[in-house]
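# Report on the structure
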Amino acid sequence: MIVRNGGILIIQRYGRLLINALRITKEVVIGRSHPTFFKHRLQAAGCKQKLTVPVRPLLFVTSYSLFSSKEKKKETPAITKMAEEGVKSLSETIQHADQLFDENNFQEAYDLLQKYPAQDTYDIKWRLARVTFSLSKPQPSPRKEELVREAFRYAEEALKLNDADFASHKWYSILLDAKSSLDGIKERVTQLETVKKHMQRAVELNPNDPTSWYILGHFYYGLADLPWYQRKIVSTIFATPPTGTYEQALECFEKAESTQPSFYSMNHLMLAKTYQALKQAEKAKEFMTLAANVAVLNEDDKQCKEEATKLLKKM
C-alpha cells in the first residue's frame, strides 16, 4: 500500500511536472518566456535543483517573425523610397531634357534621353521624337532622312503608349507628314487626312498649346496654297478631298500667337504670308518685319529670317 501510495505520489509528482512542462511550452510559444521563467516553473512543480536554462529562439517563432507586420513596416519605407527615387529620376531626366531642348542643345538632350534605362516610357518616347526631328533639320541627305524616320518611330511608339495625351498626337502628325514627304507626293497626299485627324486631336486635348495651333494652321495654309498639279493628285486619291482655306489658317496662327506671343519665329512668318494671301498688306508687313528681325538661335530661326528677309524686299 505504501509502495502503491508512493507510486501514486511519484506518478502524481511527475504528472504535475509533465502538465507544467506543457504549460511552459505553451506560454513560451505565445511569447511569455523569460530567462528565469523555466526556473520558477520547474521549482514550483517540485524540482528543487539549481537550473541554468539557456533561452534559444524557437524555429516557429523565428519563422513567424519573417512575415510579421513589423517586418513589413520595415520593408515598406525602403520599397517606397526606391519607387520615389525611380519617379524622381524620370522627373529629373525629363526636366533636364526639356531645359536642354529649350536652350537648343538638341544633341545633349538626345543623349540624355537615350541614357534613361526605361526606354519604353511615354514621356521619354515623345521627347525623343521631338529632339530627333530637331536634329534632322540642319542635316544633309541621307542623314536627314534617317533621323526623320527614326523620329517617326519614336512618335509611333509614343502614340501606342499613350493616345490620351496631346503631345503624342502632335508629334505623330508632324512626323507622319515629314516621313510621308520623303516617300513622294502621292504618299504625302494619301496621309493628309490622318495628319489632319491627329492635329485636330492634339488641339482638342490641349487647346492651350500654341504649337498645336501653329501646326493645324500650317496644314490649312498648305491645302489653301496647294499647286494645281497637287490638287489633281488629291482629287484622284480622295472622293472628297481634304480642304483648307487661308481664313482657317489665319484663325489658327492668331490663336497660337494669342496663347503665347512670340513663342515661335515661324508663326510670325506664317502670319505674314497668310495676311499677304488675304491682301492685308499692312498686317503682312508688320509680321514679316518681326520674322526678318528674329534672333537666330536654331535652324528654324535661320530659315525664317532668310525667307522673311527676301519676301520683305518684295513688299
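Below: a short report on this structure. The structure displayed is predicted, hence computed values, not measured ones.

## Thoughts on the overall build of the chain
Scanning the chain from N- to C-terminus turns up 16 helices and 0 strands. For the chain, buried positions account for 37% of its 315 residues. Partitioning the intrachain contacts of the chain with sequence separation of at least 6 by distance along the chain shows that 54% fall at a separation of at least 24. Working note: accessible area of the chain is about 19,500 Å², and carbon and sulfur atoms make up 56% of it.

## Observations concerning unusual backbone geometry
Cis geometry is adopted by the peptide bond preceding Pro-142, which originates at Ser-141 and carries an omega value of 0 degrees. If you trace the backbone, Pro-142 turns up in the loop between helix H6 (122-136) and helix H7 (143-161). With a phi angle near 65 degrees, Asn-104 is a residue other than glycine that sits in the positive phi range. Within the element layout of this structure, Asn-104 appears in the loop between helix H4 (69-102) and helix H5 (106-115). Note on Asn-104: relative accessible area 21%, which makes it partly exposed. The phi dihedral of Lys-279 is positive, around 65 degrees, even though this residue is not glycine.

## Some remarks on the packing of helix H15 (residues 281-292) against helix H16 (residues 299-313)
Between H15 and H16, the least distance of the axes is 7 Å, while the angle of their chain directions is 135 degrees. Of the possible angle classes, the one that applies to H15 and H16 is oblique. Between H15 and H16 lies a crossing whose hand is left-handed. When H15 is examined against H16, the residues Lys-285, Met-288, Thr-289, Ala-291 and Ala-292 are found in contact with a partner set consisting of Cys-304, Lys-305, Ala-308, Thr-309, Leu-311 and Leu-312. When its residues are assigned to classes, the contact of H15 with H16 shows 7 nonpolar, 2 polar and 2 charged.

## Quick word on the nonpolar core
Judged by nonpolar contacts, the single largest core of 71 residues is most densely connected at Phe-133 and Leu-175. Excluding residues within four positions of it along the chain, Leu-175 makes contact with Ala-129, Phe-133, Val-148, Ala-151, Phe-152 and Ala-155.

## Quick notes on the side chain of Ser-265
Along the chain, the position of Ser-265 falls in helix H14 (residues 265-277). Residue class for Ser-265 comes out buried when judged on its relative accessible area of 8%. Excluding anything up to four places from it in sequence, Ser-265 contacts Val-294, Asp-300, Asp-301 and Cys-304.

Conventions used here
- Residues numbered from 1 in each chain as written.
- Predicted model: local features only at pLDDT ≥ 70, side-chain atom pairs only at ≥ 80, totals over all residues.
- Heavy atoms only, no water.
- Helix = DSSP H or I, 4+ residues; strand = E, 2+ residues; numbered from the N terminus.
- Buried < 20%, exposed > 50% of the residue type's maximum accessible area, 1.4 Å probe, protein only.
- Contact = heavy atoms within 4.5 Å.
- Areas by Shrake-Rupley, 256 points an atom, 1.4 Å probe, with all protein chains shown as cover.
- Axes fitted to C-alpha atoms, helices over the stretch in contact; angles between N-to-C directions.
- Parallel < 35°, antiparallel > 145°, perpendicular 65-115°, else oblique.
- Left-handed = near helix turned anticlockwise from the far one by under 90°.
- Nonpolar A, V, L, I, M, F, W, Y, C, P; charged D, E, K, R; others polar.
- Core = buried A, V, L, I, M, F, W, Y, C linked by side-chain atoms within 4.5 Å.

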